[in-house]
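Each chain, letter by letter, is given below.
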Amino acid sequence: MSENVKRYDLVIVGGGSGGVGAAIAATRKGVKTLIVDQQKMLGGTSVTGGVNVWEMGVGGTGIPFEIYLQMKKIPNSVGIYSWGRHFCHQDKFYWPHAMDKVNFPGGENIIDPTRHYIDTLRRHLDPDITGISDEAWVREHWHGVPFEPAVFHQVVTDILAETKNCDIILECGLESVKTDSNRISSAILENGMIITGDAWIDGTGSGILCRKAGCQQFKGTDPKSRFNEPSAPAIPNEKVNATTLIFRVSPADTPAVEPLPADVPAQSWWSEQPTASCVNHYPNGDRNINMLPTMEGAEAIQLGYEKAYAECQRRIRCHWYFMQTNFPEFQGYQISWVAPFLGIRESYRTLCQHMLTENDILQGLSRQTDPDIITIADHALDRHGEDGGCPDLTEPYGIPFRCLIPKGFKNLLIACRGAGFSSIAASSARLSRTMMQLGQAAGTAVALAKAEKTDLPSVDSNHLRKDLMQQHVQLDFPLIQELRSYLITNDS
């Protein structure tokens, strides 16, 4: 074999949350693995995209919890947030036309040392709760996990190094893929390396590996005729979920309003109303500013990535100027970091053996009959301003293993937001810890397929579910007592 050709049991293209989960799960079971990513650090959108927080939600008990425990050993690296100020808990009808009646430009999440990881494992509402307007309920139940991105990357690379089964190639993309019938046989990376692998996992977010392999994919809003979803439009369109460029601010030596760049106006030119922000506190006192959103998804696609990123840079400067001039507390901060990668919530989705739809989500875990559910989730159907709003759920739902199996392939899985989801379902299932759990299931399935000498679609779902539960993955709601005790004992 040529020195420029390397063979692996498993090749993971994309080192985002799904790729990380897959790599850790597979390598721990003796699977010789390569993980390749275009960015400088592992973690994808949750690291280089600036989404340095895991939102509240069921199903984050496996590998995410282990990573949390490792980050917790490092001072000021991770915390648990509770809700601070929120303009919806004042008189939301005044926003943004009478900002003197609003004391915060959106929502604020503050570090709360009284809370623990187990408090972050719920998003869905009780049936009699009206949603975010029920302030007492959300303050009691909605908590998330903010963390330092560089520490996340270091913890993950340390865990993978301990397995002695993982090679990591960063700042390198995928050039081409060779397929043989219903299998991927090899790939060429942008650095010229030729990679062969028995199994492949797409963790790229946009399904690049699947696309280059020839899988059928969808983009934009699905028509009602495709999946018979109650909220789907009759006619398909090009709308995708919104894009955000996240930035970080740190305490300034001297309070001031940062000057605008010469090419940035003082007033918003892309929206009639100022954009609200989700402001997450880091454990060290910095703030993470997440405009909701910076740009509509369709506009980002139309502009192309480079132009969209440049335009988003101008918008965040204008937005920060708005925050500093209207809310003086922000004059004590200055921009210290801008995410090098756009926070993209939706792009391509791959046709898989099962497509998770709005119907599955509304049915809920108590009524789902799928025998192969490998993670659960409960985030709202959040389209960020697109048609349909942001309806909260009243019950978790399960994601079947078949959502990870692209149609027509025997040695390929997809574990990212581009998996087998309808556009509506993707608006809920796309969160980081859910993606990591999909990856944990995919990596475990590869190990089982190797041990059982079978193709990935033939992996026994009962064996897979049993193995995942042994890895402390939550597949039931409420938490079973054994898993509850595990979380409380280890996070004491």
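Residues numbered from 1 in each chain as written. Predicted model: local features only at pLDDT ≥ 70, side-chain atom pairs only at ≥ 80, totals over all residues. Heavy atoms only, no water.

A. Expanded view of unusual backbone geometry. With an omega of -5°, the peptide bond between Leu 292 and Pro 293 qualifies as cis. Here Pro 293 shows up in the loop between β15 (287-291) and α7 (297-303). Cis geometry marks the peptide bond from Phe 477 to Pro 478; its omega dihedral reads 0°. Mapped onto the elements, Pro 478 comes out in the loop between α12 (461-470) and α13 (481-490). With a phi angle near 60°, Lys 164 is a residue other than glycine that sits in the positive phi range. Among the secondary structure elements, Lys 164 is positioned in the loop between α4 (149-163) and β7 (166-169). The phi torsion at Ser 181 lies on the positive side, around 60°, for a residue other than glycine. Position of Ser 181 relative to the elements: it lies in the loop between β8 (174-180) and β9 (183-189). For Ser 181, a relative accessible area of 69% translates into the label exposed. (Helix = DSSP H or I, 4+ residues; strand = E, 2+ residues; numbered from the N terminus. Buried < 20%, exposed > 50% of the residue type's maximum accessible area, 1.4 Å probe, protein only.)

B. Region of interest: the sheet that holds strand β5 (residues 106-111). With mixed pairing, the six strands of this open sheet are ordered in space as β4-β5-β14-β15-β13-β16. In this open sheet, the two edge strands, each paired with only one partner strand, are β4 (81-86) and β16 (333-338). Adjacent strand axes in the sheet meet at a mean angle of 25° when their direction is disregarded. As judged from the four bridges shared by β5 and strand β14 (residues 277-281), these two strands associate in the parallel manner. Note on β14: the bridge partner recorded for Gly 106 is Ser 277. The sheet strands contacting helix α8 (residues 305-326) are β13 (247-251), β14, β15 and β16, and the helix crosses β16 at an angle near 165°. (Pairing = 2+ DSSP bridges. Axes fitted to C-alpha atoms, helices over the stretch in contact; angles between N-to-C directions. Contact = heavy atoms within 4.5 Å.)

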